[in-house]
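A structural walkthrough
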Amino acid sequence: MTKKSTITFNTAATTVLLGLFATSNAFNGVGNSVTSHHKLHRPNAFHGQRCAHVLPGICHNHVSSQSKTRMQSSIPNVEESSAATNDVKDSQMSYPLSEISQQQQQLRKEQFTPFQKAARAAPIVTAISYILNPQPLDSAVANVWSLIYNFPAQNPIFEADVAVFGFFLWITLFSSLHLFLGPEQTKQSRLDGKMPVDPLSWVRVENWYTWFNPIVSYIGSIWIYLHFHERAPIPEVAPTFGVLAVEVLFGIWLYDLCFFPIHYMMHRTNVGSVRRVHGYHHRASHTLNSLETVQHSYIDGFLQVFVNIMVQQISPFGGAKHTLSRLLHNIGVTYLLSEAHSGYNLPWMSHNVFPEILGGAPRHEAHHHNGRVYYQQYFKYLDDFFGFTEDDDGIKVMAMKEEKKSEVAQSSKA
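Residues numbered from 1 in each chain as written. Predicted model: local features only at pLDDT ≥ 70, side-chain atom pairs only at ≥ 80, totals over all residues. Heavy atoms only, no water.

Comments concerning the overall build of the protein chain
Spelled out, the test is: Helix and strand definitions follow DSSP, with helices as H or I runs of at least four residues and strands as E runs of at least two, each counted in order from the N terminus. Only protein chains enter the accessibility calculation, which uses a 1.4 Å probe; a residue is then buried when its area is under 20% of its type maximum, exposed when over 50%, and partly exposed in between. Two residues qualify as a contact provided that any one of their heavy atoms is within 4.5 Å of a heavy atom in the partner residue. Using the Shrake-Rupley algorithm and a 1.4 Å probe, accessible areas are obtained, with residue cover drawn only from the displayed protein chains.
Per the secondary structure count, the protein chain includes 18 helices and 0 strands. Counting every position in the protein chain, which comprises 414 residues, the buried fraction comes to 50%. Considering only contacts within the protein chain whose residues lie at least 6 apart along the sequence, 77% involve residues at least 24 apart. Of the roughly 19300 Å² of accessible surface on the protein chain, 66% is carried by carbon and sulfur atoms.

Structure follows, in structure tokens:
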């Protein structure tokens, strides 16, 4: 595929500028707030004297009434949004063992349901059957690829379109779950035991920017990328099922690994401007809705897309990653991200089917309210290894260190 067959630079640049303009407008107060800011009440063992931080650096003792007032308004400008988000979240999320962690620990003690047992066994059964007789699954993959190859795969931005469709599909699913579950079952399935806060706000006309900004910014960025980077030829031959499965799983694992240090630095760096970039994504003070998956600054979103593009170029077998593997990768990561931001705790979700390796919604919910823990998007092993968890001792030590820093700062001022 040559550059001439891709979108022209002027059109791509115009699209990205529109996305940037729309995104900046959202930061500066265009439209109403995405959701109302109801606080999530949790046990607070260090209330009034110790700190747990969404984006570290502001102590609970220093929460200003002005910052709290700003959080009640519709979307403020980026500077105010970051400061207000940090201050309010710090005041409400100091606790040794969160209710979310307790729920997750309880789940591990319970026996798996028949559905969960079947889901856990499915990969093993599939692998064994494929080793014994690969032809049926290889043929199925070949048939799927022949359908995709003949038309949609030739579109230069087809992979990006699939990612957008994935986000739309999964966000719609989780946003509307309460309509199918009913009030009582919804409350039982939510991490906070309450009904979700305005989960379908993005459907209303006045909140157009909550879906328009991410779509235009993302698609526009991909068009720019294709203008400067020639698209690799589309392979005519389908991958085998084995290659497809390994490339998809490897890509999801590698994305999680590569974004982990970036996510960590967004929270732990001492550069305030870097923390503010990511602070917009943490502005919601209530239990998350899946729409929050795509509510972030342009730079924040760019870093995630950049990591994903780089990962999509790598195959564990060497050479180029197959297009079909990249498409399934986009569907998989959009689901896992939407699930992590859903605020739900349902039996079929990833953290309940594979609790040994996947953190899912409970861990990411805890991270959104306490930015010192759980930096991995999907998996658990790095957070567990480095101690970025909500164990009682870790929170107490962290709180003592912050209290000591606060005392030193106050004495130096005196």
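So that's the structure; there's more coming.
Side note on unusual backbone geometry
The backbone of Asp198 shows a phi angle near 50°, a positive value even though the residue is not glycine. Tracing the chain through its elements places Asp198 in the loop between α9 (183–189) and α10 (209–228). Positive phi is not limited to glycine here, since Tyr374 has a value of about 60°. On the secondary structure map, Tyr374 appears in the loop between α16 (360–369) and α17 (381–386).

Comments concerning the nonpolar core
Rules: In this description, a nonpolar core means a group of buried Ala, Val, Leu, Ile, Met, Phe, Trp, Tyr and Cys residues linked to one another through side-chain atoms lying within 4.5 Å.
Counting residues in hydrophobic clusters, the biggest one holds 32 residues, and the most contacted among them are Ile148, Ile252, Leu324 and Tyr378. Every element with two or more residues in this core is listed here: α6 (135–149), α7 (158–175), α11 (241–268), α13 (298–312) and α14 (323–340). Contacts of Ile148, omitting those with residues within four sequence positions, involve Ala153, Phe158, Leu324 and Leu327. Core analysis: the next-biggest nonpolar cluster, separate from the first, contains 10 residues, Ala160, Tyr218, Ile222 and Trp223 among them.

Some remarks on the packing of α6 against α11
Applied cut-off: Lines fitted to the C-alpha atoms define the axes, with helices restricted to the stretch that makes contact. Angles between their N-to-C directions range from 0 to 180 degrees. Roughly parallel means an angle under 35 degrees; roughly antiparallel, over 145; roughly perpendicular, 65 to 115; everything else is oblique. Nonpolar residues are Ala, Val, Leu, Ile, Met, Phe, Trp, Tyr, Cys and Pro. Charged residues are Asp, Glu, Lys and Arg, and all others, Gly as well, are polar.
Interhelical geometry of α6 versus α11 gives an angle of 70° and a closest axis separation of 8 Å. Taken together, α6 and α11 sit at an angle that is classed as roughly perpendicular. On α11, the residues touching Leu137, Asp138 and Val141 of α6 are Phe241, Gly242 and Leu244. Residues belonging to the contact of α6 with α11 are distributed by class as follows: 4 nonpolar, 1 polar and 1 charged.

Regarding α11
Under the convention used in this document: A helix is expected to span 1.5 Å multiplied by its residue count minus one. What is called the bend at a residue is the angle between a pair of axes, fitted to the seven residues leading up to and ending at it and to the seven starting from it.
Under the 1.5 Å per step criterion, the end-to-end length of α11 is 41 Å for 28 residues, consistent within 8% with the ideal 40 Å. Maximal helix bending in α11 amounts to about 30°, located at Phe260; proline Pro261 follows within four positions.

Observations regarding the pattern of salt bridges
Filter applied, for reference: Every case where a carboxyl oxygen of Asp or Glu lies within 4 Å of a side-chain nitrogen of Lys or Arg is listed as a salt bridge.
Counting across every chain of the model gives 6 salt bridges. Salt-bridge contacts for Arg283 lead to Glu292; the nearest nitrogen and oxygen are separated by 3.0 Å. Just as Arg283 is buried, Glu292 falls in that class too. If you follow the salt bridges from partner to partner, you end up with Asp198, Arg204 and Glu206 in one network.

With respect to a nonpolar patch on the surface
Threshold: Here the term patch refers to residues with relative accessible area over 30% and no salt bridge, with like charges joined within 9 Å and nonpolar side chains (Val, Leu, Ile, Met, Phe, Trp, Tyr) within 5 Å.
A surface patch of nonpolar side chains, amounting to about 280 Å² of accessible area, comprises Phe115, Leu173 and Trp348. Within the secondary structure, Leu173 is located in helix α7.

Some words on the environment of Arg283
Looking at where Arg283 falls in the secondary structure, it is placed in the loop between α12 (272–279) and α13. By relative accessible area, Arg283 is classed as buried at 6%. Spatially, the C-alpha atoms of Arg283 and His296 are 9.4 Å apart, while their sequence positions differ by 13 residues.

With respect to the packing of aromatic side chains
What counts here: Aromatic pairs are defined between Phe, Tyr and Trp rings, using the six-membered ring for Trp, whenever the two ring centres lie within 6.5 Å; interplanar angles under 30 degrees are classed as stacked, those over 60 as edge-to-face, and all others as tilted. Two limits define a charge over a ring: the Lys NZ or Arg CZ must be within 6 Å of the ring centre, and within 35 degrees of the ring normal.
The tally for this structure, following the rule as stated, stands at 22 aromatic pairs. Pairing Tyr264 with Tyr375 gives two aromatic rings, centres 5.3 Å apart and planes at 85°, and the pair type is edge-to-face. Here the residue Tyr264 occupies a position in helix α11, and Tyr375 occupies one in the loop between α16 and α17, the gap between them amounting to 111 residues. Ring geometry for Phe379 and Tyr381: centres 6.4 Å apart, planes at 55°, overall tilted. Note on Phe379: relative accessible area 15%, which makes it buried. Pairwise contacts between aromatic rings join Phe260, Tyr264, Tyr375, Phe385, Phe386 and Phe388 into one cluster. A cation over an aromatic ring shows up here: Arg120 above the ring of Phe112, its NZ or CZ 4.1 Å from the ring centre.

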